Amino acid sequence: SARECTKYTHTIMSGQRLFCNERVVRTVHSAESEKNKFIPFDELISHRRQQAARSVLIQVQSEKSCSELYSYCSQFGHIEGMHHYTVHHNTHFVLIEFKKVSHVENILNKATHMNEEQIIPVEGSMFWFRTEKTRSKISVSKDVPLLIKNGCSIPTDKELTDLLLSAETMSDQMVTLYETTKLNDIGVRIRFQTAHQLERCFSGLFPHISVLPFGSSVNGFGKLGCDLDLVLRATNVNEENLNSRLVYHTKTIMSDERLQTKKFMETIADTMQHFVPGICNVRRILHARVPIIKYEQSFTGVECDLSITNLTAVYMSELLRLYSEVDWRVKPLVFTLRKWAECVGLTNSAPGRWITNFSLTLLVLFYLQFKQILPSLSTLKKLAVKRDTRVANSMVDCTFLRDLNRLPERTTNVTTLQELLHGFYEFYSQFDFHTKAVSIRDGTTISKPDYSALYICNPLEPMLNVSKNVSIEEVEKLKVNLREASWLLESTDNNNLLTILQPKKDLMTLVRGKRVVNVAVLFGEDSEDEKTNVANKQKTLSGSLNKDRARRRR
Ligand code: GTP
Ligand code: MG
């Protein structure tokens with residue numbers, strides 16, 4: 001019911017003990033999904049971009065300055081909301097959303113620079129609120145309506161563990177993990193504000209520029225503190241003007257497209273580094289297949305990867321978001337498996353020969369297609385109508401059903417999250433990675449087209465393998481970890497998700513090819529008891545290990 005739903009949300013938000021069980025969770029989620037009807041991706045992006053254009057970011061001395069700031073800024077226009085957060089725990093910021101873009105312009109017209117001779121006088125929608133020199137006539141209200149405090153704080157490992165321990169079932173733990181670590185409203189706002197800063201900065205040269213977030217910030221699988229992937233598009237004027245007799249004078253694009261891209265990105269990177277406030281640590285990775293500029297926006301505390309033109313990645317994010325919304329179990333399952341992969345060292349934030357979060361997510365989606373919880377991309381393509389047509393980079397067909405409200409049938413599969421998690425490990429433990437490739441497009445496996453260690457077809461460009469980077473050793477490591485997780489879930493009856501979310505070194509180690517189990521951790525013991533109990537526990541354990549080996553042989 002709606003009441004259960006609200007109570008549930010409050011419980012999660014206040015970090016108190018969770019009361020939910022599988023039935024309640026399911027009720028809550030179906031009530032929520034009824035309440036929050038699916039919003040198509042384009043609408044969502046456009047709404048967030050407009051919100052960013054109506055917002056300003058202001059650094060304040062402390063949380064206490066919020067009421068004064070509210071009173072001061074109210075003179076420029078109607079405030080819709082104030083969102084307070086800190087970067088590195090001690091620098092305070094408030095994101096203020098106004099009702100109209102013109103209110104932001106009012107602020108821009110009244111703001112000033114400090115030490116005019118010593119600074120580059122760039123203007124933008126990011127400010128600091130300095131201490132008052134003379135007593136102002138503005139009355140300060142004690143109450144700050146609509147203020148949301150400390151919106152970006154990430155739960156500590158201890159807080160997360162406590163929350164997980166207080167959930168009743170493993171399925172509840174998975175939902176808790178998702179609810180407490182997912183990217184929240186302020187997290188999304190500051191990411192769109194970060195994108196908006198670049199648009200505003202380059203709009204003088206390119207009035208139709210758009211800087212669009214993609215990846216986990218918008219695909220439904222983002223967690224608090226995730227990086228921000230951006231694509232910059234400097235598009236032409238409106239198509240309506242094509243017959244105009246006045247044609248802009250412009251420079252010609254170089255014949256070498258790669259060189260042109262490199263020069264363009266170098267110039268963008270230099271401008272960002274030298275002129276744009278808050279942007280720091282700019283790194284140019286321009287020789288990669290997809291050239292990117294990495295940077296940090298110190299006012300929003302967000303790590304960014306900026307690329308240009310790459311629209312396919314935006315449509316990929318749209319596709320992933322669509323899948324994340326088809327069934328309420330998708331997001332908690334993906335979050336749990338991403339967390340597990342991080343804990344056991346399968347994924348790493350640095351790029352390398354290991355599986356990425358993106359590839360792992362596609363493996364989960366494929367498994368859910370196998371369980372008939374998610375439709376194949378071919379089905380979504382068949383359901384597409386004319387307005388769903390999209391072609392990226394002049395050749396990649398990214399047409400698929402975009403409005404989930406038009407998806408005719410939802411699954412009848414009622415498997416619990418815990419069962420799905422276990423099922424995922426079992427499915428891929430037995431998967432023939434040697435000869436088979438995963439195809440989200442077909443919803444089935446296909447024969448591997450080449451000798452890559454792991455082959456996951458790019459759903460939008462099926463001739464490409466998104467996991468081409470993964471080495472044979474990493475696939476072996478993946479298989480070992482899948483089997484171990486499957487075994488752990490089978491052999492413990494405590495139903496505790498934390499059993500598989502322990503860092504690998506604490507739980508099991510591989511010594512000269514032989515598995516040595518850290519018994520103390522597995523049985524949740526205190527370290528003092530460790531030595532005395534190891535011998536006894538080792539006996540019990542070798543029994544279960546033998547059983548496990550026999551089962552696997554079968
Ligand atoms: P996290 O940043 O780890 O939270 O997840 P993410 O989904 O944002 O991954 P990442 O930042 O690595 O990549 C951003 C987006 O780029 C992904 O969501 C995909 O849409 C796209 N992407 C990443 N890797 C590949 C790849 O190998 N091939 C293709 N075609 N797209 C990719
Ligand atoms: Mg990302």
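It should be noted that the structure appears before, not after, this text.
Residues numbered from 1 in each chain as written. Chains lettered and ligands numbered in written order. Predicted model: local features only at pLDDT ≥ 70, side-chain atom pairs only at ≥ 80, totals over all residues. Heavy atoms only, no water.

Asker: Mind showing me how you'd approach the coordination of the magnesium ion (ligand 2) here?
Answerer: A four-donor tetrahedral metal ideally has 109.5 degree angles, and a six-donor octahedral metal ideally has angles of 90 or 180 degrees. The protein atoms that coordinate the magnesium ion (ligand 2) are Asp227 (OD) and Asp229 (OD), at distances of 2.2 Å. With relative accessibility at 13%, the residue aspartate 229 sits in the buried group. (Donors = N, O, S within 2.8 Å, 3.2 Å for Na, K, Ca; no water. Buried < 20%, exposed > 50% of the residue type's maximum accessible area, 1.4 Å probe, protein only.)

Asker: Which parts of the structure should I look at to understand the site of ligand 1?
Answerer: For ligand 1, the set of nearby residues contains 13 residues, the closest of which are Ser216, Asp227, Asp229, Asn357 and Asn458. Here an oxygen atom of ligand 1 sits 3.5 Å away from a polar atom, N or O, in the side chain of arginine 338. For ligand 1, an oxygen atom lies 2.9 Å from a polar atom in the side chain of asparagine 357. Notes on ligand 1: free accessible area 600 Å², of which the protein chains cover 74%. Elements with a contribution of two residues or more to the shell around ligand 1: helix H10 (311-326) and helix H12 (357-370). (Near = heavy atom within 4 Å. Polar contact = N/O pair within 3.5 Å; in protein donor to acceptor, adjacent residues only side chain to side chain. Areas by Shrake-Rupley, 256 points an atom, 1.4 Å probe, with all protein chains shown as cover. Helix = DSSP H or I, 4+ residues; strand = E, 2+ residues; numbered from the N terminus.)

Asker: I would appreciate a short explanation of the packing of aromatic side chains in the present structure.
Answerer: We describe a pair of aromatic rings using the distance from one ring centre to the other and the angle between the two ring planes. Tallying each qualifying case throughout the model produces 19 aromatic pairs. Note on tyrosine 85 and phenylalanine 93: the rings are 5.6 Å apart at their centroids and 15 degrees apart in plane angle, and the pair reads as stacked. In terms of burial, tyrosine 85 and phenylalanine 93 fall into one category: buried. For the ring pair tyrosine 367 and phenylalanine 427, a centre distance of 5.5 Å and an interplane angle of 50 degrees mean the geometry is tilted. Residue tyrosine 367 is located in helix H12, and its partner phenylalanine 427 is located in helix H14 (residues 417-429); the two are separated by 60 residues in the primary sequence. Of the two residues examined, tyrosine 367 and phenylalanine 427, each falls in the buried class. A connected cluster of aromatic rings, assembled from ring pairs, spans Trp340, Phe366, Tyr367, Phe370, Phe424, Tyr425, Phe427, Tyr428, Phe431 and Phe433. Stacked on the ring of phenylalanine 400, the Lys or Arg arginine 402 has its end atom at 4.0 Å from the ring centre. (Phe/Tyr/Trp six-rings, centres within 6.5 Å; stacked < 30°, edge-to-face > 60°. Lys NZ or Arg CZ within 6 Å of the ring centre and 35° of its normal.)

Asker: Is there a simple way to think about the pattern of salt bridges in this case?
Answerer: Where charged atoms from two side chains of opposite charge come close, those side chains can pair. This model, assessed by the stated rule, comprises 22 salt bridges. In this structure, aspartate 42 and arginine 390 form a salt bridge, with 2.7 Å as the shortest nitrogen-oxygen distance. Remark: arginine 390 occurs in the loop between helix H13 (377-382) and strand S11 (391-392) and aspartate 42 occurs in helix H3 (residues 41-53); sequence separation between them is 348 residues. When its relative accessible area of 42% is taken as the criterion, aspartate 42 is described as partly exposed. Overall, arginine 390 belongs to the buried group, its relative accessible area being 15%. A salt bridge links glutamate 474 to lysine 477; the nearest nitrogen and oxygen atoms lie 4.0 Å apart. Placement of both glutamate 474 and lysine 477 in helix H15 (residues 472-491) is noted, with a separation of three residues, approximately one turn of the helix. Sharing partners across several salt bridges, the network here consists of Arg48, Arg54, Glu97, Asp185 and Arg189. (Salt bridge = Lys/Arg side-chain N within 4 Å of Asp/Glu carboxyl O.)

Asker: When you look at the pairing of strand S14 (residues 444-447) in this model, what are you seeing that I'm missing?
Answerer: Consecutive side chains along a regular strand alternate between the two faces of the sheet. The pairing of strand S13 (residues 436-439) with S14 spans four bridges and is antiparallel. Across the sheet, residue valine 438 finds its bridge partner in S14, namely threonine 445. The antiparallel hairpin formed by S13 and S14 contains four residues in its connecting segment, where glycine 443 sits at a positive phi of about 75 degrees. (Pairing = 2+ DSSP bridges.)

Asker: When you look at the nonpolar core in this model, what are you seeing that I'm missing?
Answerer: Buried together is how nonpolar side chains tend to be arranged in soluble globular proteins. Of all hydrophobic cores here, the largest spans 87 residues; its most connected members are Trp340, Leu421, Tyr425, Tyr428 and Ile500. Apart from residues no more than four positions distant in its own chain, tyrosine 428 is found in contact with Leu363, Phe366, Tyr367, Phe433, Val438 and Leu482. Within the second largest apolar cluster, 31 residues are counted, among which are Leu198, Ile279, Val282 and Cys304. (Core = buried A, V, L, I, M, F, W, Y, C linked by side-chain atoms within 4.5 Å. Contact = heavy atoms within 4.5 Å.)

Asker: Whenever I open this one, the environment of lysine 251 confuses me. Can you help?
Answerer: Counting through the fold element by element, lysine 251 comes out in the loop between strand S7 (228-234) and helix H9 (257-275). With a relative accessible area of 81%, lysine 251 lands in the exposed category. Separated by 12 residues in the primary sequence, lysine 251 and glutamate 239 have C-alpha atoms spaced 20 Å apart.

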